[in-house]
Amino acid sequence: MFHSQIQDPNPQASEPTSRLVGGTEYSWCRAVPTGTGITVLALLLSKPPDISLLQNALHKLQNYHPILRSKLHYDSPSNTFSFITPPLPHLQISAFDLSSTSQIIHDHDRDDVTPFHLILEHELNQNAWQNDNTCDTDVFFVRTYALNDTRWVVVFRLHTSVCDRASAVSLLKEMLKLIGDEREGEGIEVEYERKSEVSLGIEDFIPSGKANKPFWARGVDMLGYSLNSFRLSNIDFVDASSIRGSKVARLRLDSAETQRILEGCKSRGIKLCGALAAAGLIAARSSKCLPEHQRERYAVVTLTDCRSILDPVLSSNHLGFYHSAVLNTHDTDGTETLWELATRTYTAFANAKNSNKHFTDMSDLNFLMCKAIENPGLTPSSSLRTAFISVFEDPVIDESNGLHQEIGVEDYIGCSSVHGVGPSIAIFDTLRDGQLDCACVYPSPLHSEEQMHQLLDEMKRILVDGCNSES
Ligand SMILES: *[C@@H]1O[C@H](CO)[C@@H](O)[C@H](O)[C@H]1NC(C)=O
């Protein structure tokens, strides 16, 4: 993965390089200032982080992944964004000591969540990319917090245009490995190859012919997408007028429950994302006390990591945003079982993917996201909700290992903010040592904590009961 070589001092390497953002990256550049797409990876540690060692490791990551040392530049006359990539790593860690950390925790005081959780939420709402278009902004920030004498938190915060979920997972693995190497002294002599230019955006890697779409079909689909948003159901908006932030609730199942759900999916030839979306739909409809059999139509967004189907294929440690979204709508009248609806939602997604919708509709969905940002009034109650729920096609799979223990990783959560344009609930699922652990991000106070906890409790009950009463 990394090449050890002595750096050849290249005179050209002293000039920053620059490239315009691609279409999908551009829509993230528009979405992030509104509050959607602040990606945070938070680690709870039982050992104090060694700041200089961490900084070394981060500089190596910045050397190897030019995108991580890039800055976002906005050019207002042409209304374009570009990545400006300086030749050298420059990231500085901000370290919060006990008293500044406790001040932050105090400001957000809530009894029902851990200090680690509060720091995660605090970070999801740190928007370095808001308003200020006059100077170039880093895309990667790292902070450490001291919770008390036995617990510390390390947080990575990234602009989603440079870091999708697969990137975040890969970044974490590489960083843990680098820290492990540094601790053992292996890293001292090794200079990681410095790459000078950022890679291209997803649009440049779509296999030829796959994004083509007849002009008329584009028009029809666009109309379908935009008209649909008025006919779509949402869960109730508790407060649609106050300024929004992102909050997180966690949905966790034990190993036995997780195993039964995975088996239930496997026996039906579907993926976990179908079961999660279906449980969400059933819980959403039942939260609304509707007359029996009244149909409701909800939108489900499924995010799919395209790296393995691009041309050329990209490896999982190829950092950037290489996901695509598939938007499906589903009617439910409250009579469906979990597995009926799970099969229906998954099949709709799989069919869309089979007909290349994740490629053909990419620019349409990007366009609609930007339209909603420009005209919030096009969305119900100006809520900026474009779907009820978003899920990933595949969960992150994580087996804890010796390295986790050595560094003292007690817990970690990776997710992304949604308080700008986006779904009511975004599910970031991980299978951690065989247990399903979902970070569910929602806009607050558009939706309340109580409402979300009820919804997630109900989803959990539906998933667990659905497996007990096989049908
Ligand atoms: C330190 O914080 C952790 C995590 O919030 C908590 O579980 C632990 O009890 C705290 N320890 C002390 C000594 O306060």
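This structure is a prediction, so every number in the text was calculated from the model and none was measured.

*Asks:* Tell me about the site of the ligand, and name the residues and values.
*Replies:* Near the ligand you find Pro115, Asn148, Thr150 and Arg151, and these make up its full shell. Asparagine 148 is positioned such that a nitrogen or oxygen atom in its side chain is 2.4 Å from an oxygen atom of the ligand. Burial of the ligand by the protein chains amounts to 44% of its free accessible area of 360 Å². Looking at the shell around the ligand residue by residue, the classes come out as one nonpolar, two polar and one charged.

*Asks:* I'd like to hear about helix α5 (residues 165–183), residue by residue, with values.
*Replies:* Here α5 spans 27 Å end to end across 19 residues, near enough to the 27 Å set by a 1.5 Å rise per residue. With respect to burial, α5 is a largely interior element, 15 of its 19 residues being buried.

*Asks:* Account for the domain arrangement of the protein, with residues named and values stated.
*Replies:* Here the protein is described as being made up of domain 1 (2–199) and domain 2 (206–410 + 417–466). Taken together, the contact between domain 1 and domain 2 spans 48 residues of the former and 42 residues of the latter. Of the roughly 3,700 Å² buried at the junction of domain 1 and domain 2 (both faces included), carbon and sulfur atoms supply 57%. The largest per-residue losses of area from domain 1 upon contact with domain 2 belong to Asp164, Arg165 and Leu176, which jointly make up 18% of the total buried on that side. Remark: the boundary between domain 1 and domain 2 carries four salt bridges. Residue arginine 307 is joined to aspartate 164 by a salt bridge in which the shortest nitrogen-to-oxygen separation is 2.9 Å.

*Asks:* Describe the packing of aromatic side chains, with residues and values.
*Replies:* A complete count under the given rule lists 10 aromatic pairs for this structure. A centroid spacing of 5.5 Å and a plane angle of 55° characterise the contact between tyrosine 298 and phenylalanine 388, whose relative ring orientation is tilted. On the criterion of sequence distance, the pair formed by tyrosine 298 in strand β10 (residues 296–305) and phenylalanine 388 in strand β12 (residues 385–392) is long-range, its members being 90 residues apart. Taking relative accessible area as the criterion, tyrosine 298 reaches 0% and is therefore assigned buried.

*Asks:* Residues and numbers for empty space enclosed by the protein, please.
*Replies:* Counted by the stated rule, this structure contains six cavities of 30 Å³ or more. For the largest cavity, the calculated volume is near 150 Å³. Lining the largest cavity we find 15 residues, and of these Leu45, Pro49, Leu54, Ile179 and Ile407 sit closest to its centre. Among the elements of the structure, β2 (36–45), α2 (51–64) and α5 are those that each provide at least two residues to the lining of the largest cavity. Grouping the amino acids of the lining of the largest cavity by side-chain chemistry returns 12 nonpolar, no polar and three charged.

*Asks:* An account of the side chain of arginine 385 is needed here, citing residue identities and associated values.
*Replies:* With respect to the helices, strands and loops of the structure, arginine 385 is situated in strand β12. Although arginine 385 is buried, it makes no salt bridge; aspartate 239 carries the closest opposite charge, 12 Å away. Of the polar contacts made by the side chain of arginine 385, one reaches the backbone oxygen of proline 423; its length is 2.7 Å.

*Asks:* Lay out the pattern of salt bridges with the relevant residues and their values.
*Replies:* Using the criterion set out here, one finds 29 salt bridges in the structure. Across the pair lysine 177 and aspartate 181 runs a salt bridge whose closest N-O atoms are separated by 3.0 Å. Note that lysine 177 and aspartate 181 are positioned in helix α5 at a spacing of four residues, about one turn of the helix. A residue is classified by how much of its surface remains accessible, and lysine 177, at 40% relative accessible area, is partly exposed. Take aspartate 181: its relative accessible area is 12%, and that puts it in the buried class. Across the salt bridge formed by lysine 288 and glutamate 296, the nearest N and O atoms sit 2.7 Å from each other. Judged by its relative accessible area of 9%, glutamate 296 is buried. Residues joined by salt bridges that share partners form a network here, namely Arg110, Asp112, Glu121, Lys247 and Glu449.

Parameters at a glance
- Along each chain, residue indices are assigned from 1 in the same order as the chain's sequence is written.
- The predicted origin of the model limits local features to residues at a pLDDT of at least 70 and limits the giving and counting of side-chain atom pairs to 80 or more, whereas totals for whole chains, interfaces and linings rest on all residues.
- To obtain the side-chain values, all non-hydrogen atoms of the structure were included, while hydrogens and water were left out.
- Only a single heavy atom is needed: when it lies within 4 Å of a molecule or strand, its residue is near that molecule or strand.
- By the criterion applied in these results, polar contacts are pairs of N or O atoms within 3.5 Å in which, for protein atoms, one can donate a hydrogen and the other can accept it, and in which residues neighboring in sequence qualify only through two side-chain atoms.
- In these tables, accessible area is a Shrake-Rupley quantity obtained with a 1.4 Å probe, and a residue counts as shielded only by the protein chains included in the view.
- Three categories are distinguished: nonpolar for Ala, Val, Leu, Ile, Met, Phe, Trp, Tyr, Cys and Pro, charged for Asp, Glu, Lys and Arg, and polar for the others, with Gly belonging to the last.
- The numbering of helices and of strands both runs from the N terminus, where a helix is a DSSP run of H or I of at least 4 residues and a strand a run of E of at least 2.
- The span you would expect from a helix comes to 1.5 Å times its residue count less one.
- Throughout this description, buried means an accessible area under 20% of the type-specific maximum (1.4 Å probe, protein chains only), exposed means over 50%, and partly exposed covers the range between.
- A domain assignment, automatic or from a database, supplies the domain bounds used here.
- Any two residues having at least one pair of non-hydrogen atoms within 4.5 Å are treated as being in contact.
- Summed over both partners, the accessible area (1.4 Å probe) lost when two parts come together is defined as the buried area.
- Basic side-chain nitrogens of Lys or Arg form a salt bridge, by our definition, when they fall within 4 Å of a carboxyl oxygen of Asp or Glu.
- Only rings of Phe, Tyr and Trp enter the pairing, Trp through its six-membered ring, and a pair is recorded when the two centres are within 6.5 Å. The plane angle decides the type: under 30 degrees is stacked, over 60 is edge-to-face, the rest tilted.
- Using only the protein atoms, space was sampled on a 1 Å grid; points where a 1.4 Å probe fits but cannot get out form cavities, open sets with protein on both sides within 12 Å along at least five of seven lines form pockets, and lining residues are those with an atom within 4 Å of a point.
- Grid points are joined across faces, edges and corners, and a volume is the space filled by probe spheres set on the points.
- Charge assignment in this entry is limited to Lys and Arg as positive and Asp and Glu as negative, and neither His nor the chain termini are counted.

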